[in-house]
Structures are given as C-alpha cells and as structure tokens.
Amino acid sequence: QVQLVESGGGLVQPGGSLRLSCAASGRIFSINVMGWYRQAPGKQRDLVATITSGRSTNYADSVKGRFTISRDNAKNTVYLQMNSLKPDDTAVYYCNALLLRSSSDDYSHYWGQGTQVTVSS
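Numbering of residues begins from 1 in every chain and follows the order in which that chain's sequence is written. With pLDDT at 70 or above as the cut-off, local features in this predicted model cover only qualifying residues; side-chain atom pairs require 80 or more to be listed or tallied, and sums for whole chains, interfaces and linings still use all residues. As a rule here, side-chain values come from all non-hydrogen atoms in the structure, and water together with hydrogens is ignored.

Draft legend 1. Structural view of the sheet that holds strand S7 (residues 67–72). Strands pair, by our definition, only if DSSP identifies at least two bridges between them. For helices the rule is a DSSP run of H or I covering at least 4 residues; for strands it is a run of E covering at least 2, with both sets numbered from the N terminus onward. The strand order across the open sheet formed by four strands is S1-S3-S8-S7, and the pairing between neighbours is antiparallel. At either margin of the open sheet sits one strand with a lone partner, and together these are strand S1 (2–7) and S7. Here the average twist between neighbouring strands, direction ignored, is 15°. Inspection of the sheet shows strand S3 (residues 18–26) paired to strand S8 (residues 77–82) by six bridges, in the antiparallel sense. Across the sheet, leucine 20 pairs through a bridge with leucine 80, a residue of S8. Each axis is a line fitted through C-alpha atoms, taken for helices only over the stretch in contact, and angles between the N-to-C directions span 0 to 180 degrees.

Right under this line is the structure:
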C-alpha cells in the first residue's frame, strides 16, 4: 500500500503564508512527479504546481510568483510554500504522486486525503 499524508493547512489572513507538506510512504520503488492540486467548493480540482524528480517545476498562472514547490527525494516528501495568500486561494489542497511500486509496475497516480486552506480576515 502507498499512503500520502498532507499537513500544514489552516486558517490564515489575506497576505499571510502557509507551508504544506506531503509525505509518501509504503511500497515505493521510485517517484517521478509530485504535485499539488486544489478544489474549491462547487469547482473542479485544478493543478497548482508540480515538480519532477529532477526538480523541474510547473505552476498554475494564478500562483506564479507567490507559491513555491520543492521536494526532498530522500524523504519522499513534497512541500508547497504559499505566500501572499488571497481569499481565492481558499480550497482543499491535495497532494499527488506519480510513482512506481516496483521495477516491474507501471506508473500510477496516488492522492492524499486533502488539507483545508482558508484565507479570510
């Protein structure tokens, strides 16, 4: 089994910062891409940012310059530093990993349970 466990969500005022973490554990051979997605009430789940094992990054236009994704390959952990938060950033944030459980497997996506981020005064 593979588990992705997120932490770091909460309530923050506009302009504030939060740092999300997501640790992958279990039967993992290698992780290719790790990323963050978010889903606001009544909306679809959207990409926030992704990072490859070689640390190439990709960001949604709405978060460029405010959010930074990073990862620790030794710990199978991905982080999302969120600065200058806006009310529009309010959503449930989900961690995703594209990984191999063994050298003979195909790559599969795994999701965390989600962590709530609320930006409000």
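Further notes follow.
Draft legend 2. Up close: the environment of tyrosine 110. Among the secondary structure elements, tyrosine 110 is positioned in strand S10 (residues 108–111). Separated by 101 residues in the primary sequence, tyrosine 110 and glycine 9 have C-alpha atoms spaced 19 Å apart. Dropping the residues within four chain positions of it, tyrosine 110 is found in contact with Val2, Leu4, Cys95, Asn96, Ala97, Leu99 and Arg101. Contact definition: two residues touch when any of their heavy atoms are within 4.5 Å.

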